[in-house]
Structures are given as structure tokens and as C-alpha cells.
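Residues per chain, in single letters:
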Amino acid sequence: MKKIAVDAMGGDHAPQAIIEGVNRAIATYSDIVIRLYGDEEKIRPLLKDSDRVEIVHTTEKIHSDDEPVRSIRKKKDASMVLAAHAVKDGEVDAMLSAGNTGALLAAGIFIVGRIKNIERPGLMSSIPTANGLGFDMLDLGANAENSAKQLHQYAILGSFYAQHVRGLQTPRIGLLNNGTEASKGDPIRKAAYDLLSNDASIHFVGNVEARELLNGVADVVVTDGFTGNAVLKTMEGTAISLLGQLKTAIEGGGLRSKLGYLFLRKSFRSLKQSMDYSEAGGAVLFGLKAPVVKAHGSSDDSAIFNAIRQVRLMLETDVVQKSVDYFQTEGDE
């Protein structure tokens, strides 16, 4: 059995969306046990009966505006903190939260702990592309700055994930830059390019530009956390804006536009689904000793279900332990 800790009190729609997602996951997968951390009085009425769901009662939670490091140190009985300690102590195999991102990063680093020889864990998410295959990108905001060595480590971690979780035999690794030429970029990007080019264990395809990301130019894209976070939010905002403008154009286009929509409705739904990042699950804080996954704060039950599915797959493929073994060996050489 795979045992997953879930912060039932984190997120905009907690605990309802969290519990509904858990109910779906328990009904779908017979090989998982969920341990919920949160207010039992609020959780119990929403939970379908199952002998594979446990509740650890606590009324303390970390709020979205709490200072991350201070909150995990002072709120020792917060649902997120208790879940992280359960991972550290080996009581559960992984954890999921839709709560305060900074606090989860801090809990992951200071409680769960880094993989030996990993300098800084990175936040990685799978992002949809036009061809439907998607790509993984990290760092998406765990760090404001990164060194060339850290970008190299992200490439290795991302390659492990793409191979073992997404099933890609030889994932293509791209370095996000302001041009495709090897000479482009600042000193950090140039140094990272050299490290990636000389690593025979990964399939490095060179620099990639932001405008090509959604065309499937690479399977894994590495960048510093500041840039990655800005690019991710730009893509999310653009997708939402385009869909909104399309809806406004149809509604304001008169009878002809509305009739046209009726014929194209299935195509529009397919388009919307292909742009939905929540279908791929949550963002993985990669570089820790166990899977720690961050679901979006506005996650509904479907997003929570997909995040649990993602955690289950990570445990099934043992991708984190493979990463631990690799970097342990590298450090001993």
C-alpha cells in the first residue's frame, strides 16, 4: 500500500474540494491509503466511508498570508507541518498540499529534508503543449536565483521524472534562454550550457526560447526560479485571457456566431482541456527525500484527484529513490 499524507485544510476551497478529490482517488485506486490532516469536524461529513482513509485531527492551519518559515516553526500543530513530519518519520510515503506555497517549500526543505548533494530543490510542474504531450519545467519559483550547477542538477532531476513517471525513454532537455545559439545568455546560462553539453547521461538539445515552449521543443526545460515563475504565470494568464476573449466574441457576435459555436462546441471543450494545467497534477518540490507535491490554491476536486494520481505514480515508479541513489553515487565519486 502507498500511504499519502494530505493537508485537508490548505487551499481556497478546503476542505470540501480536498475531500471530494480524496473520495475519487480512494474509489479509483485500491492500492493507496490517505491520511488526512485537519479539522475532523469539518472533514468527516464530506468523507465517504473507507477503511483506507485516516484522519489526524488538528484545528491549526497555515494561512495564505502567513510568513513561510516563521509559520512552520511556530505552528507546530498545523496540518501542513504535521503531514511533513509524518513523511520525515516514515509514517507516510509522500505528502500533498494546496496551501501556502512558501510554507510548503520550507516544510519540505527543513522537515522532509534535501537529497544529499542536491544544493537547492526546485519546483517542477508539467505544462500542456499544442501537441498534447506536454513538458516539465523547473525551477518554477522555489528559488529566486540559481547557479549553473543547480540548473545542471535540475536537468538530471527533470530527466529522471520524464523517464520514470512520464515514460519517455530519452527525454529532450532544453535550457531556457534568450536565443538558441550556444553563445547566448548571461554567464550563468553560458556555464550551464557547458555543463549540460558535457553530460552524456542526459539528452541535451541546447538553448530553447520561451516562444517555442508550447510547441513541444523539449520534454524538460530548466531555468532559474524567478524566470520560470514569470514564464509560467505569463502562459497561464495568456491562456485564460484568450479563452475569455473567445467567449466574449461568441456571445457578442450575434446569432451567426452562436450557431457556429454549437457546431464547434466539442472542439472548444477539447481546446480548453488541452490547456488545463491541473490535468497533469500538481507541482513537485523535486530534490527532497520523498515526494512533496503542491496543488494549486484554487484546485477543485478534479485537480486534487489528478495530484493524488501523480503522487501515486511517483511512488509506483520509485523516481525519488532513484534520484537519491544517483546523487548519492555522484557525491561519493
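Relevant structure appears above.
What counts, and where the lines are drawn
- Residues numbered from 1 in each chain as written.
- Predicted model: local features only at pLDDT ≥ 70, side-chain atom pairs only at ≥ 80, totals over all residues.
- Heavy atoms only, no water.
- Core = buried A, V, L, I, M, F, W, Y, C linked by side-chain atoms within 4.5 Å.
- Buried < 20%, exposed > 50% of the residue type's maximum accessible area, 1.4 Å probe, protein only.
- Helix = DSSP H or I, 4+ residues; strand = E, 2+ residues; numbered from the N terminus.
- Contact = heavy atoms within 4.5 Å.
- Axes fitted to C-alpha atoms, helices over the stretch in contact; angles between N-to-C directions.
- Parallel < 35°, antiparallel > 145°, perpendicular 65-115°, else oblique.
- Left-handed = near helix turned anticlockwise from the far one by under 90°.
- Polar contact = N/O pair within 3.5 Å; in protein donor to acceptor, adjacent residues only side chain to side chain.
- Salt bridge = Lys/Arg side-chain N within 4 Å of Asp/Glu carboxyl O.
- Phe/Tyr/Trp six-rings, centres within 6.5 Å; stacked < 30°, edge-to-face > 60°.

A. Region of the structure containing the nonpolar core. Counting residues in hydrophobic clusters, the biggest one holds 58 residues, and the most contacted among them are Ile-34, Leu-36 and Ile-308. Take this core: its biggest share by element is 9 residues, from helix α6 (residues 148-164). Discounting chain neighbours no more than four positions away, the residues touching Ile-308 are Ile-4, Gly-21, Val-22, Ala-25, Ile-32, Ile-34 and Leu-96.

B. A look at the packing of α6 against helix α7 (residues 187-197). For the pair α6 and α7, the least separation of the axes is 8 Å and the interaxial angle reads 45°. For the element pair α6 / α7, the angle class is oblique. As α6 packs across α7, the resulting crossing turns out to be right-handed. Counted together, Ala-148, Lys-149, Leu-151, His-152 and Ala-155 of α6 and Ile-188, Arg-189, Ala-191, Ala-192, Leu-195 and Leu-196 of α7 form the full contact between these two elements.

C. Spatial organisation of the side chain of Asp-136. Locating Asp-136 in the fold gives a position in strand β6 (residues 135-138). The class of Asp-136 is buried, set by a relative accessible area of 0%. In terms of polar contacts, Asp-136 uses its side chain to reach the side chain of Arg-166, at 3.0 Å. With sequence-adjacent residues up to four places away left out, Asp-136 is seen in contact with Met-124, Ser-125, Ser-126, Tyr-161, Ala-162, Arg-166, Asp-219, Val-220 and Val-221.

D. Just the pattern of salt bridges, in detail. A complete count under the given rule lists 16 salt bridges for this structure. The partner of Asp-136 in a salt bridge is Arg-166, with the nearest N and O atoms 3.0 Å apart. In this pair, Asp-136 is assigned in strand β6 and Arg-166 in the loop between α6 and β7 (172-176), connecting sequence segments 30 residues apart. In the salt-bridge network here, residues are joined through shared partners; they are Lys-2, Asp-31, Arg-312 and Glu-316.

E. Fine view of the environment of Ala-283. Looking at the element boundaries, Ala-283 is found in strand β10 (residues 283-286). What makes Ala-283 buried here is its relative accessible area of 12%. With near-sequence residues (within four places) excluded, Ala-283 lies in contact with Leu-123, Met-124, Ser-125, Val-292, Val-293 and Lys-294.

F. Region of the structure containing the packing of aromatic side chains. As enumerated under the stated definition, the model contains 5 aromatic pairs in all. Summarising the aromatic geometry, the rings of Phe-160 and Tyr-326 are spaced 5.4 Å apart at their centres and angled 70° between planes, so their arrangement reads as edge-to-face. Taken as a pair, Phe-160 in helix α6 and Tyr-326 in helix α11 (residues 319-332) lie far apart in primary sequence, 166 residues in all. Its relative accessible area of 13% is what places Phe-160 among the buried residues. Ring centres 5.2 Å apart and planes at 80° place the aromatic pair Tyr-326 and Phe-327 in the edge-to-face group.

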